[in-house]
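Chain and residue survey
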Amino acid sequence: DAPGSSAFREAMARIGRDTTLVLVEHHVAEALALVDRIVVLAGPAGVVADGPPDRVFAEHGASLVALGVWVPGTPVRRSHPPAQAGEDLVLAKGSTFRYPGMPAPALAPVDLALRSGEAVAIVGPNGSGKSTLALLLAGLLRPTEGSVRAATMDPSRPEVWRWPARALAARIGMVFQEPEHQFLASR
């Protein structure tokens, strides 16, 4: 989240230049003041640029933009036109969740419709309930209150948390915040 990232950058600036810091960051603009050297990786091509920020951006700016890398002073281009939202797929109505033993809900009541062809960003500070909402929408948690329903599923089992694992896996995908939580077997 923005306040946590800002606090981290401030701490790194206080440590000073006597410490080596390897920073992997998607929000380059905010971290640029801390950086003496930029290394740009591009999949199988490996290292495509390496050096001081001013030189890397001057010499490789156009090719970096073509690869989808943010370059200072260059507006970000959409890779495709915005999609038109289609039919409702998942509907959350008054959905909230309280983790066992916690005094307050991790998520205040939410009303949300996810539609086909639409990209949705759930944003907020740490602890605001983003991951909990994603788990509810994916059918991996049962709402404490409210409902999360699939709009086009079997009416006898509309609540996504009631779906068998096989049905969830076939229709809803989720990449967990902690990747190791996705491994369900030793091999």
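Just so we're clear, the structure is a prediction, and the values are computed from it rather than from any experiment.

What follows covers the pattern of salt bridges. Counted under the stated rule, the structure contains five salt bridges. Here Arg55 makes a salt bridge to Glu59, at a shortest N to O gap of 3.7 Å. Residue Arg55 and its partner Glu59 are located together in helix α3 (residues 53–67), separated by four residues, close to a single helical turn. In this structure Glu59 comes out as exposed when scored by relative accessible area, which is 53%. Several salt bridges share partner residues, and in doing so they unite Asp88, Arg115 and Glu118 into one network.

Glancing now at the sheet that holds strand β4 (residues 107–115). Strand order across the open sheet formed by three strands is β4-β3-β5, with antiparallel pairing between neighbours. Edge positions in the sheet fall to β4 and β5 (145–150), since each has one partner strand and no second. Taken over all neighbouring pairs, the strand axes of this sheet differ in orientation by 5° on average, direction set aside. The pairing of strand β3 (residues 88–97) with β5 spans five bridges and is antiparallel. Paired with Ala92 across the bridge in β5 is Val148.

The next point concerns the side chain of Glu159. Along the chain, Glu159 turns up in the loop between β5 and α5 (165–171). Polar side-chain contacts of Glu159 include one of 3.3 Å to the backbone nitrogen of Val148. Filtering out sequence-adjacent residues up to four positions away, Glu159 remains in contact with Ser147, Val148 and Arg149.

Quick look at the nonpolar core now. Judged by nonpolar contacts, the single largest core of 16 residues is most densely connected at Leu136, Leu137, Val148 and Trp163. Those elements that provide at least two residues to this core are β3, β4, α4 (130–137), β5 and α5. With four residues, α4 is the single largest residue contributor to this core. Each residue touching Leu136, except ones within four places of it in the same chain, is listed here: Thr96, Phe97, Leu107, Leu141, Arg142, Pro143, Val148 and Val160. If you look at the next biggest cluster of nonpolar residues, it comprises seven residues, including Ile38, Val40, Ala49 and Leu64.

On to α3. For α3, built from 15 residues, the straight-helix expectation of 21 Å at 1.5 Å per residue is missed by more than 12%, its first-to-last C-alpha distance being only 17 Å. Its maximal kink placed at His60, α3 deviates by approximately 75°. Tucked into the core, α3 has its buried residues touching β1 (38–41) and β2 (47–51). Downstream of α3 by a residue or two, Gly68 has a phi angle that is positive, lying close to 95°.

This part takes up the layout of surface pockets. By volume, the largest pocket amounts to about 1100 Å³. Surrounding the largest pocket, 30 residues form its lining, Leu23, Val24, Val35, Arg37 and Ile38 being those nearest its centre. At the level of elements, α1 (2–15), α2 (28–31), β1 and α3 are the ones that each hand at least two residues to the lining of the largest pocket. The residue makeup of the lining of the largest pocket, split by class, is 21 nonpolar, five polar and four charged. The volume enclosed by the second largest pocket comes to roughly 900 Å³. As for the second largest pocket, its lining consists of 37 residues, and the residues nearest its centre are Ile122, Ala134, Leu135, Leu137 and Met174. Within the residue set of the lining of the second largest pocket, elements represented by two or more residues are β3, β4 and α4. Examining the composition of the lining of the second largest pocket, we find that six residues originate from one element, α4, more than from any other.

What counts and how
Residues numbered from 1 in each chain as written. Predicted model: local features only at pLDDT ≥ 70, side-chain atom pairs only at ≥ 80, totals over all residues. Heavy atoms only, no water. Salt bridge = Lys/Arg side-chain N within 4 Å of Asp/Glu carboxyl O. Helix = DSSP H or I, 4+ residues; strand = E, 2+ residues; numbered from the N terminus. Buried < 20%, exposed > 50% of the residue type's maximum accessible area, 1.4 Å probe, protein only. Pairing = 2+ DSSP bridges. Axes fitted to C-alpha atoms, helices over the stretch in contact; angles between N-to-C directions. Polar contact = N/O pair within 3.5 Å; in protein donor to acceptor, adjacent residues only side chain to side chain. Contact = heavy atoms within 4.5 Å. Core = buried A, V, L, I, M, F, W, Y, C linked by side-chain atoms within 4.5 Å. Expected span 1.5 Å × (residues − 1). Bend = angle between axes of the 7 residues up to and from the residue. 1 Å grid on protein atoms, 1.4 Å probe; cavity = no way out; pocket = protein on both sides within 12 Å on 5 of 7 lines; lining within 4 Å. Points joined across faces, edges and corners; volume = space filled by probe spheres on them. Nonpolar A, V, L, I, M, F, W, Y, C, P; charged D, E, K, R; others polar.

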